[in-house]
Amino acid sequence: MGLLSDPQCRRALARLVLRLNTPLCVLSYLSGITWFLLLPPLAPRTYLSENAMGSTMVGEGSDLGPRALALAREFGGHKRKAGGMPVQWLEQTMFQLGLEVHRQPFARTLPFPDEAHERYLVRGTNVFGVLRAPRSASTEALLLLVPCSEGSKNNQAVGLLLALASYCRGQIYWAKDLIFLVTEHDLVGTQAWLEAYHDVNLTDISSGGLPGRAGAIQAALALELSTDVVTSVDVAVEGLNGQLPNLDLLNLFHSFCQKNGLLCTFQGKLPPPEGPSGPGYTQSLRTLGLMVLGQAGGGPGGAHGLFLRFRIEALTLRGINSFRQHKFDLGALGRTLEGMFRKLNNLLERLHQSYFLYLLPSLSRFVSIGSYAPVLALLLLTPRGFLYLVPPVLVSGAAGTALYLLPVRGQAVATQHFPVGEAEAVVLTLIGIYVAGMALPHSTHRALSGGGQRGWMSLKLVALLALALLLTCLALLNFSLGFLLGVTLVPPAAAVRPGGNRLPLAVLLVLTTPGVTLFLAVLVERELLEAPAGLGEAWQRYLGALGQGLLQEHLHGAHLSPLLALGAYPCWLLLWNVLFWK
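Everything numeric in this text was worked out from a predicted model, so none of it was measured.

1. A few points about the overall build of the chain
Then step 1. When helices and strands are counted, the chain shows 22 helices and 13 strands.
Then step 2. By the burial criterion, 53% of the 582 residues in the chain qualify as buried.
Then step 3. Surface summary for the chain: the accessible area is close to 24900 Å², and the carbon and sulfur share equals 61%.

2. Thoughts on a negative patch on the surface
Then step 1. Negative charge collects at one region of the surface, where Glu 115, Glu 118, Glu 150 and Glu 424 lie side by side.
Then step 2. In this fold, Glu 118 is placed in the loop between β1 (100–114) and β2 (119–131).

3. Digging into the packing of aromatic side chains
In this description, an aromatic ring pair is defined by two values, namely the gap between the centres and the angle between the planes.
Then step 1. Summed over all chains, the structure comprises 14 aromatic pairs.
Then step 2. With a centroid separation of 5.4 Å and an interplanar angle of 35°, the aromatic rings of Trp 539 and Tyr 542 are classed as tilted. Of this pair, Trp 539 and Tyr 542 both sit in helix α21 (residues 535–555), 3 residues apart, which is roughly one turn of the helix.
Then step 3. Look at Tyr 542 and you get buried, because its relative accessible area is 9%.
Then step 4. Between Trp 572 and Trp 576, the aromatic rings sit 5.2 Å apart at their centres with planes inclined by 20°, giving stacked as the arrangement. Here Trp 572 pairs with Trp 576, and both are found in helix α22 (residues 560–579), just 4 residues apart, close to one helical turn.
Then step 5. Taking relative accessible area as the criterion, Trp 572 reaches 0% and is therefore assigned buried.

4. Looking at the pairing of strand β3 (residues 140–148)
Then step 1. Most of β3 is tucked away, with 8 of its 9 residues classed as buried.
Then step 2. Looking at chain direction, β3 and strand β6 (residues 216–224) are connected through 6 bridges and run parallel. Bridge pairing in β6 links Leu 144 to Leu 221.
Then step 3. Strand direction decides the pairing type here: β3 and strand β4 (residues 177–184), joined by 8 bridges, are parallel. In the strand pairing of β4, Leu 144 is matched with Phe 180.
Then step 4. Crossover β3 to β4 through helix α8 (residues 155–169) is right-handed.

5. Re the pairing of β4
Then step 1. With 8 of 8 residues buried, β4 is to be regarded as a mostly interior element.
Then step 2. Of the two faces of β4, the one carrying Asp 177, Ile 179, Leu 181 and Thr 183 and the one carrying Leu 178, Phe 180, Val 182 and Glu 184 are both buried.
Then step 3. Examined bridge by bridge, β2 and β4 share 5 bridges and lie antiparallel to one another. In the strand pairing of β4, Phe 128 is matched with Leu 181.

6. Considering the side chain of Thr 231
Then step 1. Within the secondary structure, Thr 231 sits in the loop between β7 (229–230) and β8 (232–236).
Then step 2. Only 3.1 Å separates the side chain of Thr 231 from the side chain of Ser 322, close enough to count as a polar contact.
Then step 3. Once you skip the residues sitting within four places of it in the chain, Thr 231 turns out to touch Leu 263, Ile 320, Asn 321, Ser 322, Arg 324, His 326, Lys 327 and Phe 328.

7. Quick notes on unusual backbone geometry
Only a minority of non-glycine residues have a phi that is not negative, and only a minority of peptide bonds are not trans.
Then step 1. Even without a glycine there, the phi angle at Asp 199 is positive, about 55°.
Then step 2. Counting through the fold element by element, Asp 199 comes out in the loop between α9 (186–197) and β5 (206–207).
Then step 3. Phi angles above zero are rare outside glycine, and Asn 241 is one such case at about 60°.
Then step 4. Structurally, Asn 241 is set in the loop between β8 and α10 (247–260).
Then step 5. Look at Asn 241 and you get buried, because its relative accessible area is 16%.

8. Regarding the sheet that holds β6
Then step 1. Spatially, 9 strands are ordered β5-β1-β2-β4-β3-β6-β10-β8-β9 in an open sheet, and the strand pairing comes out mixed. On the outer flanks of this sheet lie β5 and β9 (264–266), each paired with one strand and no other.
Then step 2. Lying over the sheet, α9 contacts β1, β2, β3, β4, β5 and β6, oriented at roughly 135° with respect to β4.

9. Focus on the confidence of the model for the chain
Then step 1. Chain-level pLDDT for the chain is 83 on average; 89% of the residues reach the 70-or-more range.
Then step 2. Throughout residues 384–394 the model reports pLDDT below 50, and contacts reaching past four residues in sequence, or to other chains, amount to 29 contacts.
Then step 3. Below a pLDDT of 50 lies the segment residues 443–450, which in the model reaches 13 contacts outside its immediate sequence neighbourhood of four places, other chains included.

10. Focus: a nonpolar patch on the surface
Then step 1. On the surface, a cluster of nonpolar side chains totalling about 340 Å² of accessible area is made up of Leu 16, Leu 20, Leu 24 and Leu 27.
Then step 2. Note on placement: Leu 24 falls in helix α3 (residues 21–37).
Then step 3. Judged by relative accessible area, which is 40%, Leu 24 ranks as partly exposed.

Calculation criteria
Residues numbered from 1 in each chain as written. Predicted model: local features only at pLDDT ≥ 70, side-chain atom pairs only at ≥ 80, totals over all residues. Heavy atoms only, no water. Helix = DSSP H or I, 4+ residues; strand = E, 2+ residues; numbered from the N terminus. Buried < 20%, exposed > 50% of the residue type's maximum accessible area, 1.4 Å probe, protein only. Areas by Shrake-Rupley, 256 points an atom, 1.4 Å probe, with all protein chains shown as cover. Patch = residues over 30% accessible without salt bridge, like charges linked within 9 Å, V, L, I, M, F, W, Y side chains within 5 Å. Salt bridge = Lys/Arg side-chain N within 4 Å of Asp/Glu carboxyl O. Lys, Arg positive; Asp, Glu negative; His and termini not counted. Charge placed at Lys NZ, Arg CZ, Asp CG, Glu CD. Phe/Tyr/Trp six-rings, centres within 6.5 Å; stacked < 30°, edge-to-face > 60°. Pairing = 2+ DSSP bridges. Right-handed = clockwise from strand over helix to strand, strands pointing away. Polar contact = N/O pair within 3.5 Å; in protein donor to acceptor, adjacent residues only side chain to side chain. Contact = heavy atoms within 4.5 Å. Axes fitted to C-alpha atoms, helices over the stretch in contact; angles between N-to-C directions. pLDDT = per-residue confidence, 0-100.

Structure follows, in structure tokens:
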């Protein structure tokens, strides 16, 4: 403490820090990147924290395979005959199984056509059955969800859901209600059901309400299965806006897969070999990178992702049938679901003892927030200029506001003046405003009270403060998105300054703009999936990602679009202003 309390020592320390500022900045940035690369080999093993699920395993007595296949074929026939989800057949079948059956019609007009699914006005019906708990007063519930997709997709999942409902109807140990839900139109139907169940309207979906309800939903599983046999089960954890379920739910699934001999994968990757081997580290880092990219995108990784905003722990399970030799019938997956529901049935309170903020290099190892938070902290130490406390002026917010508001609201004007569809007009308007914003900086320095060196320093100070605030908030809300923005925006933020040869810095700024970062993320994701895409295919995927990002914000309340438009883009424009300061 004497070093900091002595004025002379304090001034000497400040001069030393200023003199070594650049080496310290570079060292801090490289330390943050190195720390992130060391996360996979240093990750501890996962473990169950909840005592009610970690003491002993339950005994599963179901054999649902033949019954599930028969119901799946019957469902597929009625589905082809009806040209969509056979609502009446589902109601009759669930009623015959002894469930309390309800339907929910809903409708939603999209802000612009969804070309990926070829829809604009979405109308559908959700069907769900409730198995009332014989040993409680319907105060709590568990849920199994299957999205009814087009064609033959997910027919086996519906068959397994009905077979499991039939088996559970004959058991007397249930202390929680069981809800068996079949939704139409994937995430739109799931969102409509959740809003009606909790009596809220967050996304302007028009629905008929729910005539019946069960207890408060403690946990949910979404099942996607389109094959009679499976070689592995892939689990998705990423929720809306980067939310994650309690780690105990994932550990419970992993433990039952090991018990029943099921091969479980994460991000489509097999479990890496144990030990400090090169291939094991590469695979763990690849899996970690895929999770970071998926979580940073902000969209739900499956139907489970919409449950997390309602404080319902949920996972999406996908049955995979690949070229692997060992295959399992639907009975093994049914026993896994039965065991998970029986374990969750024993809970006396919500899952809360394990982690909600984590990263996964594999299903058997995890990285907690205490391990990955220093990565972003080291990146935030890099920017320079915090010592020049000159009154700042923020001048680039209007461009970000226009980027956020005009593409969707101005689609009608764009279609009147240009020969493009509504969806194309939204994406092209978005790109046009984004590029036009780069022409604004050349006069913004006139808004400042002072010129010269103090002027651009004050402008850079605003950019650094805004960037630090944005990344600090994202470090808690969505670390993956904050990490990607920090890796790309921090180097130009530290290096940018007017004067001299501006071309290298201009190229660096253009390559690290959020729009280009999103395009590079598309390329990197295809490389991590071991399915490289050419520039043409990557460009089409990039345009699709822009449209889906806007749709998810209007349909489900995803935060990626407003964060980039109102947060990252204005910060980048301020740095662009500094570079071209006169």
